Amino acid sequence: MSLNLVMLGPPGAGKGTQAERFAREHGIPKVSTGDILREAVHSGSDLGRQVEKLMGRGELVGDDLIIGIVRERLSRPDAVAGFVLDGFPRTATQAAALDEITRERGPVICVEIQVPDEELVRRVRARRVCEDCGANADAFVHQAEALPDLCQNTDRCRTIGPKWVARSDDSEAVVRERLKIYWRDTRPMIDYYSARPTFRRIDGLQKPEQVREALVSAVAAALGMPASQLRSMVKKKLSGVVIPPRGARQG
Ligand code: AP5
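Residues numbered from 1 in each chain as written. Predicted model: local features only at pLDDT ≥ 70, side-chain atom pairs only at ≥ 80, totals over all residues. Heavy atoms only, no water.

Help me understand the sheet that holds strand β4 (residues 108-114) in this model?
What links the strands of a sheet is backbone hydrogen bonding, and the strands pair in either a parallel or an antiparallel sense. Spatially, five strands are ordered β2-β3-β1-β4-β8 in an open sheet, and the strand pairing comes out parallel. Each edge of the open sheet carries a strand with a single partner, namely β2 (30-32) and β8 (199-203). This sheet shows a mean twist of 20° between the axes of neighbouring strands, independent of strand direction. As judged from the five bridges shared by strand β1 (residues 3-8) and β4, these two strands associate in the parallel manner. Bridge pairing in β4 links M7 to V111. Across the sheet, helix α10 (residues 208-223) lies against β1, β4 and β8, angled at about 165° from β8, the strand it touches most. (Pairing = 2+ DSSP bridges. Helix = DSSP H or I, 4+ residues; strand = E, 2+ residues; numbered from the N terminus. Axes fitted to C-alpha atoms, helices over the stretch in contact; angles between N-to-C directions. Contact = heavy atoms within 4.5 Å.)

For this particular structure, what's the right way to read the environment of M1?
Its location among the elements puts M1 in the segment before β1. Setting aside residues up to four positions removed in sequence, M1 forms contacts with P107, L223, M225, M233 and K237.

Would you mind going over unusual backbone geometry with me for this structure?
Trans is the prevailing form of peptide bonds, just as negative phi is the prevailing case for residues other than glycine. The omega torsion across F88 and P89 is 0°, close enough to zero to call that bond cis. With respect to the helices, strands and loops of the structure, P89 is situated in the loop between β3 (82-86) and α5 (92-101).

Looking at this structure, I do not really get the site of the ligand. What am I missing?
Looking at the ligand, there are 32 residues lining it, with T17, E59, R90, R127 and R178 nearest. At 2.9 Å, a side-chain N or O of K15 approaches an oxygen atom of the ligand. When isolated, the ligand has an accessible area of 1,000 Å², and the protein chains bury 93% of it. Contributing elements (two or more residues each) for the shell around the ligand: α1 (15-26), α2 (33-43) and α10. Classifying every residue of the shell around the ligand gives 11 nonpolar, 11 polar and 10 charged. (Near = heavy atom within 4 Å. Polar contact = N/O pair within 3.5 Å; in protein donor to acceptor, adjacent residues only side chain to side chain. Areas by Shrake-Rupley, 256 points an atom, 1.4 Å probe, with all protein chains shown as cover. Nonpolar A, V, L, I, M, F, W, Y, C, P; charged D, E, K, R; others polar.)

For this particular structure, what's the right way to read the pairing of β4?
Successive residues of a regular strand alternate their side chains across the two faces of the sheet. Counting buried positions along β4 yields six of seven residues, so the element is predominantly enclosed. Looking at chain direction, β4 and β8 are connected through five bridges and run parallel. Pairing of V111 across the sheet is with R200, part of β8. (Buried < 20%, exposed > 50% of the residue type's maximum accessible area, 1.4 Å probe, protein only.)

Looking at this structure, how should I read helix α9 (residues 172-194)?
At W183, α9 shows its strongest bend, of approximately 40°. When α9 is considered as a whole, its buried residues turn out to be V174, V175, R178, L179, I181, Y182, T186, R187, M189, I190 and Y193. (Bend = angle between axes of the 7 residues up to and from the residue.)

Explain the packing of α1 against α10 to me, please; I cannot follow it from the model alone.
The description of two packed helices rests on the angle between their axes and on the distance between the axes. Orientation of α1 relative to α10, taken along the N-to-C sense of each, is 60°, at an axis distance of 10 Å. As judged from the angle between their axes, α1 and α10 are oblique. In the packing of α1 onto α10, the handedness of the crossing is right-handed. The segment α1 lies against α10, with Q18, R21, F22, E25 and H26 engaging P208, E209, V211, R212, L215, V216 and V219. (Parallel < 35°, antiparallel > 145°, perpendicular 65-115°, else oblique. Left-handed = near helix turned anticlockwise from the far one by under 90°.)

Dropping the structure here:
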């Protein structure tokens, strides 16, 4: 059995924050469609040019395009023992595609993080992102001088210092548009998941550490095993799998 987790919730709910930590702590990759698209925009690739304007307006990119990206990413060897999906699926068509992609992989746990809209707008407007390593910081909570300590200190962050920027889609107007699209296209899809025995909801209004604990408990409960067994389940599945180093061609 592999450890397959889908993080669901509106913009700013904390999906990325929790997905990153859960993936790191359990030895599985975090697959964030938003991060993949932002990297493409940053690098100026064909894909990036194709999606930049849509993302800037807070609109969704096409289902076929994003399904192709996720299908390819989940086929890589490092995802054999599981994955944490952040930002996918977002439409009924994407949810159906994920069912098909994961048919042979065992249960997919879906956890919805719930946060009221006004708190989401506050968080997203306050968010600053390190352009280099992708670390997040809340500009209203952290003093400017504390921000460097919050970044993950990649080589560039260490030598030049992190470059904290607001995401181009984090203005109040665009966030409200993203929320509108969430309630119209994504929320109905979550209702479709909520009937499944592997679906759980957690309160995202708690402190990040409490949300983390709630997430681990929810995943363990959905799989019917103690939280301490989650990591050994991944290790067992990965034994004998050769994972190419990061950046290596996937053939
Ligand atoms: P994407 O990057 O997926 O954005 P999103 O879903 O709108 O989510 P966010 O990244 O804004 O929020 P999050 O829930 O991850 O919260 P985070 O942890 O960062 O997508 C961007 C765009 O890409 C889309 O609009 C679309 O154009 C395109 N796209 C992506 N996937 C697509 C798909 N499948 N189909 C079509 N188009 C797609 O936290 C937010 C802030 O809150 C941070 O500053 C964080 O530090 C803080 N925070 C986190 N947890 C807490 C807490 N418990 N208490 C207080 N603050 C907290």
